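Structure at a glance
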Amino acid sequence: MEKVRNILGLIGGLLLILSGFAHSLAGWQQLKADLAKAQIPPDLTFGLKAGWHFGGVSMLVLGIITVGLFLKRLRGTDASTFPAIVIAVAYLCFGAWALLSSSFNPFYLAFIVPGILLVMAGWTRSSSS
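This report concerns the structure included in the present document. (Residues numbered from 1 in each chain as written. Predicted model: local features only at pLDDT ≥ 70, side-chain atom pairs only at ≥ 80, totals over all residues. Heavy atoms only, no water.)

For the rest of this paragraph, the subject is the layout of surface pockets. In this model, the largest pocket occupies a volume close to 470 Å³. Around the largest pocket sit 18 residues that line it, and His23, Met59, Phe94, Phe107 and Phe111 are the ones nearest its centre. Looking at the lining of the largest pocket, the elements with two or more residues in it are helix H1 (2–37), helix H2 (42–74), helix H3 (82–101) and helix H4 (109–122). Tallying contributions element by element places H3 first for the lining of the largest pocket, with 6 residues. (1 Å grid on protein atoms, 1.4 Å probe; cavity = no way out; pocket = protein on both sides within 12 Å on 5 of 7 lines; lining within 4 Å. Points joined across faces, edges and corners; volume = space filled by probe spheres on them. Helix = DSSP H or I, 4+ residues; strand = E, 2+ residues; numbered from the N terminus.)

What follows concerns the packing of aromatic side chains. All told, the structure shown has 6 aromatic pairs when counted by the stated rule. Between phenylalanine 107 and phenylalanine 111, the ring centres sit 6.5 Å apart and the planes meet at 75°, which makes this aromatic pair edge-to-face. Given the relative accessible area of 13%, phenylalanine 111 is considered buried. Cluster of aromatic residues (ring-pair linked, three or more members): Tyr91, Phe94, Trp97, Phe107, Tyr108 and Phe111. (Phe/Tyr/Trp six-rings, centres within 6.5 Å; stacked < 30°, edge-to-face > 60°. Buried < 20%, exposed > 50% of the residue type's maximum accessible area, 1.4 Å probe, protein only.)

Now for H1. Here H1 contains 36 residues, and its C-alpha end-to-end distance of 50 Å stays within 8% of the 52 Å for a straight helix at 1.5 Å per residue. Residue glycine 27 marks the point of greatest curvature in H1, where the axis turns by about 35°. One or two positions beyond H1, positive phi appears at glutamine 39, with a value near 55°. (Expected span 1.5 Å × (residues − 1). Bend = angle between axes of the 7 residues up to and from the residue.)

Turning our attention to the nonpolar core. Core analysis: the biggest nonpolar cluster contains 16 residues, and Leu16, Phe70, Ile87, Tyr91 and Leu118 have the highest contact counts within it. Put simply, the parts of the chain that give this core at least two residues each are H1, H2, H3 and H4. What leucine 118 contacts, discounting residues up to four positions off in sequence, is Gly9, Gly12, Gly13, Leu16, Thr66, Phe70, Ala84, Ile85, Ile87, Ala88 and Trp123. (Core = buried A, V, L, I, M, F, W, Y, C linked by side-chain atoms within 4.5 Å. Contact = heavy atoms within 4.5 Å.)

What follows is the structure, given as structure tokens:
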């Protein structure tokens, strides 16, 4: 069962990495086009761009941390799953808020699914070690 949990953690981490790339590359292009259509001033557009790309980089970094953690566990190291639980809670809380605030736009399941995977992977007796 422990191996399955670690594999779920790897899958969750890989989803975070992929979503970080998608967020910054594809997501920004769509948002940039929408901002241009709305004639948003360049300084505001840049502020949104900076925050948007920081979000993508953050997702990438959280994914790398998660993958590293679960790779260690698969190799037999007794690494704490606490970081994965913190990331999972953040993703679940944000995803739930966004899902409710957007009148249940299914896009926000992209935050809930990795969050659930990481809770399943990280919620062990050793998660506080």
